[in-house]
Amino acid sequence: MNDLIPHVGAGTLIEQTLLADDRAVRIGAIGSLTFDRAIVITQDKWKRQVGGIARHEFLLATAREAGPADEDDDEVLLLRVEGSAPLVVERDLLALREAALRDALCGQKDPSPSAVLDVELDAAARERTSFTGLDCQIIGTFYEDNRDGRISLQFGHDIDNFYATATYRVFKPVGDGLGAIASYIRPTREPAEMVRIGAVRYSSTRRRTTLAKQDDVPVEVNVGDFIGTKTGIFGMTRMGKSNTMKTVAARVFAVSERRRAAGRPPIGQLILDPQGEYADPDDRSGTELAAIGSGRVMVYKFGATGREQNVRPLGFNFYDPGQIEAVKGIISSVLADADSDYVRAFLQADFVGHGIVGEARGESEQRAARASRGRLLLYGALAKADYQTPGTQADQSGKEWPWRARVQMRRDLADELEKQLGRGHIDRAQDRRTIGIESGSLTQVIDWIIEHSEKQDLAGGAGDGLRSFVRGEAWQSALPIYTQLNHGRAVAGYAKFKSLKPFHAPQSRLDYRREIYRELTAGKIVIVDMHLGPDVTIRELSRNLAEFLMERQTEVFAAGQEPPHIQVALGEASDLLSAQRHEEGPDIWMRMARQADKLNIGMLYAAQQVTSVAYPVLASTRNWVVAHLNNSMEVQELAKFHDFEAFGDAIIGHEDQGYVRLKMMSSPYVVPVQIDRYGIELVNEARLAARLPALTT
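Just so it is clear, the model here is predicted, and its values are computed rather than measured.

S.K.: Help me understand the overall build of the protein chain, please; the structure alone is not making it clear to me.
M.R.: Helix and strand content of the protein chain: 23 helices and 26 strands. Evaluated residue by residue, the protein chain yields a buried proportion of 52% over its 697 residues. Here the contacts in the protein chain between residues at least 6 apart in sequence split such that 71% fall between residues at least 24 apart. For the protein chain, the exposed surface amounts to about 32600 Å²; the carbon and sulfur share of it is 48%.

Listed below in structure tokens is the structure:
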């Protein structure tokens, strides 16, 4: 290239990055200039040689020498084409064209349009009429900065001076020069982890770009921008939102694995999938997220048996003492609307039985015994509501045994129970104080206990044991739920449980929330597939999981430690982050949106409409991925953020899948991008980072 920035010789950073011969091609000059806008004069032949000039294309402008060498500014203006502009001599050029047509009409024997309008101008006139003007927004200024001997390419969002227009030359960035602009991030002390997310795309029509071999100029982003911040992905259905989420998930996973290999904490990713888009393959290519690796991607879904290596049951085992606290919370959600004394008693009762610090051993044992008896009534209520009992249960060593309801019962009472009901209902091969009630005998044993408690007809040690058995608050609070009677009055009791059956996973060995959190802190991708569950169940389950995640991260933060990095992706956030939820008061999703950053929880949320998301969430969103929106109201809302207003017509008019306008936290301006398609290449990139063998198609 013959014309460089004045006094910037070959080898300087700004020359190497932006203006080398293979990085920029001159296409014109500045016709007029203000602090905000520039009119660029170009010519048809120059545009043709560079593959055309599209709307929203980046251009570079640089000044000639404006004074002595030591006073000149080594700067490059970044422009964005926003439309056409009339030139000063536009009327003269139109007059020249009109005169030629008039002369042709008068001189032609055939006055038809095909003969008159195709008239050839002379060479000089044709050259004069081939000039056009481009109306450009000045985005900012690139310049070199030398601090502590380290030269960096900086960007300012304005210009601090401009010269006479004749001193400026205008270039179209191409190849690596365009890539440097599209992938530019602000220099910081922290090293950036750059990953490709797509390619520069200016227009829906790409013929000239393809012919010029400029259709795959990479756009790279700092993957750290996604971590611990909010990212909004907007666009109508089938515009590539889920593909973008998969691409981001694969890139973040690869970075997480590289961090792990370097001895740094990994990044866990939780994807709430309401439509099954992420858990299952969308075609037969075998490139679902789970293809990254069965040990690295875990899927939780309704109805899972737990036999598959990477697929776990979604829900709680309502018959597992280790999950009883979570189960009580779920049960409370359906009882809370009943303003009754028995419901309040149930909400306050202790069904866990954990000891309290400083408590005497006898008190601790009594607490555990009473909790086990309350659980027995709950298990009986579940059996009445047709909840399937597990086939087996595991002890602390992991050994499996047939499932039984374990409860502490005095020996005399157990003897009397067996005497009256016969053998086969309870298993006494436990410790001296604990028996196991067979699953098929739950209601029969409970009914026997209730009957003799009401009759008070057991004497001696059996009577003492029975009175002790039914004395605890856990038993008393669960009794109305089992019997559906409260002080002689009929109540709904266990009938309320029927709506919670989709939550019950008999095969589950752990509280699924604790299991998911453990997987996340280990740096895995966890997909919660909720498309098979009822809406009410889905909402409650996702809320429950979000609350647990926030509680655990808050505990770590309050202890003065660094919380693990966790990304939460919401496949459809219009309801969860709506303005209505914000106005209704405290909500776990709004709380996560407000507090997530300090807890190292990043949020990626997808929505079909900008207006469907509460304004405070939008205002704190750091990364924006905007595909096609179909009406001006959405674009008007979008225009309140960054400089998306300039892209309004294109966002409405372009319905190309994966074609987005991207604004990242580390990047100072919006970049038009064609997002890479998630496929085997991305899968293998992630597998390579995890040191797994590549897959073949």
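And the narrative resumes.
S.K.: Help me understand the sheet that holds strand S22 (residues 565-570), please; the structure alone is not making it clear to me.
M.R.: Whether parallel or antiparallel, the strands of a sheet pair through hydrogen bonds between backbone atoms. The 12 strands lie next to each other as S9-S8-S26-S25-S24-S10-S23-S22-S11-S21-S12-S13, forming an open sheet whose pairing is mixed. Taken across any chain shown, the strands that pair with only one partner, and hence form the sheet edges, are strand S9 (218-222) and strand S13 (311-313). Averaged over all pairs of adjacent strands, the angle between their axes in this sheet comes to 25°, without regard to strand direction. Pairing of strand S10 (residues 230-234) with strand S24 (residues 623-626), which is carried by four bridges, proceeds in the parallel orientation. By the bridge assignment, Phe-234 is partnered in S24 with Val-626. Across the sheet, helix H19 (residues 588-595) is in contact with S10, strand S11 (267-273), S22 and strand S23 (601-607); its angle to S23 comes to roughly 120°.

S.K.: In this structure, what is going on with the packing of aromatic side chains? I would like to understand it.
M.R.: Both the distance between ring centres and the angle between the ring planes are used here to describe each pair of aromatic rings. Counted according to the given criterion, the structure contains 20 aromatic pairs. With 6.4 Å between their ring centres and 80° between their planes, Tyr-517 and Phe-548 make a pair best called edge-to-face. Pair noted here: Tyr-517 is in helix H16 (residues 512-521) and Phe-548 is in helix H17 (residues 535-558), with a separation of 31 residues, a long-range link. Grouped by ring-pair contacts, the aromatic residues Phe-58, Phe-142, Phe-155, Tyr-184, Tyr-202 and Tyr-669 constitute a single cluster. We note Lys-384 situated over the ring of Tyr-482; from NZ or CZ to the ring centre the distance is 3.9 Å. Lying over the aromatic face of Tyr-659, Arg-661 brings its terminal NZ or CZ to 4.0 Å of the ring centre.

S.K.: Quick question: what am I supposed to make of the sheet that holds strand S18 (residues 434-438) here?
M.R.: Read across the sheet, three strands follow the order S16-S18-S17 without closing on themselves; strand pairing throughout is antiparallel. Single-partner strands in this sheet number two, and they are strand S16 (404-408) and strand S17 (426-427). Bridging between S17 and S18 involves two bridges; their strand directions are antiparallel. When the sheet's bridge partners are listed, Asp-427 is paired in S18 with Gly-436. This element, helix H11 (residues 361-384), spans S16 and S18 of the sheet and lies at about 145° to S16.

S.K.: What exactly am I supposed to notice about the pairing of strand S2 (residues 37-43) here?
M.R.: Regular strands have side chains that alternate between both faces of the sheet. Of all seven residues in S2, five are buried, a share of seventy percent or more. Taken together, the five bridges between strand S1 (residues 24-33) and S2 define a ladder with antiparallel strand orientation. Within S2, the position partnered with Ile-30 by the bridge is Val-40. Turn length for the S1-S2 hairpin, with the two strands adjacent in sequence and antiparallel, is three residues. Sheet analysis places S2 next to strand S5 (residues 131-147), joined by seven bridges and oriented antiparallel. By the bridge assignment for S5, Ala-38 is matched with Cys-136.

S.K.: Mind showing me how you'd approach the packing of helix H13 (residues 442-455) against helix H15 (residues 473-483) here?
M.R.: Think of two packed helices as two axes; the pair is described by the angle between the axes and how far apart they sit. Where H13 meets H15, the axes come as close as 13 Å, and the angle between the chain directions of the two elements is 115°. With respect to the hand of their crossing, H13 and H15 are arranged in left-handed fashion. For the pair formed by H13 and H15, the contact residues are Thr-443, Ile-446, Asp-447, Ile-449 and Ile-450 on the first element and Trp-475, Leu-479, Tyr-482 and Thr-483 on the second. Residues of the contact of H13 with H15, tallied by class, amount to six nonpolar, two polar and one charged.

S.K.: Would you take a moment to explain the pattern of salt bridges for this structure?
M.R.: Per the counting criterion, the structure on display carries 33 salt bridges. Across the salt bridge formed by Glu-365 and Arg-361, the nearest N and O atoms sit 3.1 Å from each other. Taken together, the positions of Glu-365 and Arg-361, both in helix H11 and four residues apart, correspond to about one turn of that helix. Accessibility expressed as a relative area gives 29% for Glu-365, which makes it partly exposed. The structure contains a network of salt bridges with shared partners spanning Arg-37, Arg-80, Glu-82, Asp-135 and Asp-643.

S.K.: I tried to follow the pairing of strand S8 (residues 194-200) on my own but got confused; where do I start?
M.R.: Burial within S8 is extensive, with five of its seven residues counted as buried. Both S8 and strand S26 (residues 671-675) contribute to a ladder of three bridges, which runs antiparallel. Bridge pairing in S26 places Gly-198 opposite Ile-675.

S.K.: Could you clarify how one ought to interpret the side chain of Lys-172 in this entry?
M.R.: Position of Lys-172 among the secondary structure elements: in strand S7 (residues 168-173). What makes Lys-172 buried here is its relative accessible area of 8%. A polar contact of 2.7 Å, which involves the side chain of Lys-172, links it to the backbone oxygen of Val-50. From its side chain, Lys-172 meets the backbone oxygen of Gly-52 in a polar contact 2.8 Å long. Ignoring sequence-local partners within four residues, the contact set of Lys-172 consists of Arg-23, Ala-24, Val-25, Ile-27, Val-50, Gly-51, Gly-52, Ile-53, Glu-57 and Leu-59.

S.K.: Help me out: how do you make sense of H13 in this one?
M.R.: Each α-helix winds once per 3.6 residues, and so residues spaced three or four apart point in a common direction. Over its 14 residues, H13 runs 20 Å from end to end, which matches the ideal 20 Å to within 8%, given 1.5 Å per residue. The complete set of buried residues in H13 reads Leu-442, Val-445, Ile-446, Trp-448, Ile-449, Ile-450 and His-452. Phi for Gln-456, located one or two positions after H13, is positive at around 55°.

S.K.: I'm lost on the side chain of His-628 in this one. Help?
M.R.: For His-628, the position within the fold is in the loop between S24 and helix H21 (632-638). Engagement of the side chain of His-628 in a polar contact is seen with the backbone oxygen of Ile-652, the distance being 3.2 Å. Once residues within four sequence positions are removed from consideration, His-628 is found in contact with Gly-235, Met-236, Met-239, Ile-651, Ile-652, His-654 and Glu-655.

S.K.: Would you mind going over unusual backbone geometry with me for this structure?
M.R.: The phi torsion of most residues other than glycine is negative, and most of the peptide bonds are trans. One non-glycine residue, Asn-600, adopts positive backbone phi at about 60°. In this fold, Asn-600 is placed in the loop between H19 and S23. On the basis of relative accessible area, Asn-600 is assigned to the buried category, the value being 10%. Of note, the phi angle at Arg-691 is positive, near 60°, even though the residue is not glycine. Inspection of the secondary structure puts Arg-691 in the segment after helix H23 (680-689).

S.K.: Looking at this model, I keep getting lost on the environment of Tyr-184. Mind explaining?
M.R.: Relative to the elements of secondary structure, Tyr-184 occurs in the loop between helix H6 (175-182) and S8. Residue Tyr-184 is classed as buried on the basis of its relative accessible area of 7%. Contacts of Tyr-184, omitting those with residues within four sequence positions, involve Phe-142, Leu-153, Gln-154, Phe-155, Ser-666, Ser-667, Pro-668 and Tyr-669. In this structure the side chain of Tyr-184 is engaged in a polar contact, spanning 2.7 Å, whose partner is the backbone oxygen of Leu-153.

The rules behind each value
- Residues numbered from 1 in each chain as written.
- Predicted model: local features only at pLDDT ≥ 70, side-chain atom pairs only at ≥ 80, totals over all residues.
- Heavy atoms only, no water.
- Helix = DSSP H or I, 4+ residues; strand = E, 2+ residues; numbered from the N terminus.
- Buried < 20%, exposed > 50% of the residue type's maximum accessible area, 1.4 Å probe, protein only.
- Contact = heavy atoms within 4.5 Å.
- Areas by Shrake-Rupley, 256 points an atom, 1.4 Å probe, with all protein chains shown as cover.
- Pairing = 2+ DSSP bridges.
- Axes fitted to C-alpha atoms, helices over the stretch in contact; angles between N-to-C directions.
- Phe/Tyr/Trp six-rings, centres within 6.5 Å; stacked < 30°, edge-to-face > 60°.
- Lys NZ or Arg CZ within 6 Å of the ring centre and 35° of its normal.
- Left-handed = near helix turned anticlockwise from the far one by under 90°.
- Nonpolar A, V, L, I, M, F, W, Y, C, P; charged D, E, K, R; others polar.
- Salt bridge = Lys/Arg side-chain N within 4 Å of Asp/Glu carboxyl O.
- Polar contact = N/O pair within 3.5 Å; in protein donor to acceptor, adjacent residues only side chain to side chain.
- Expected span 1.5 Å × (residues − 1).

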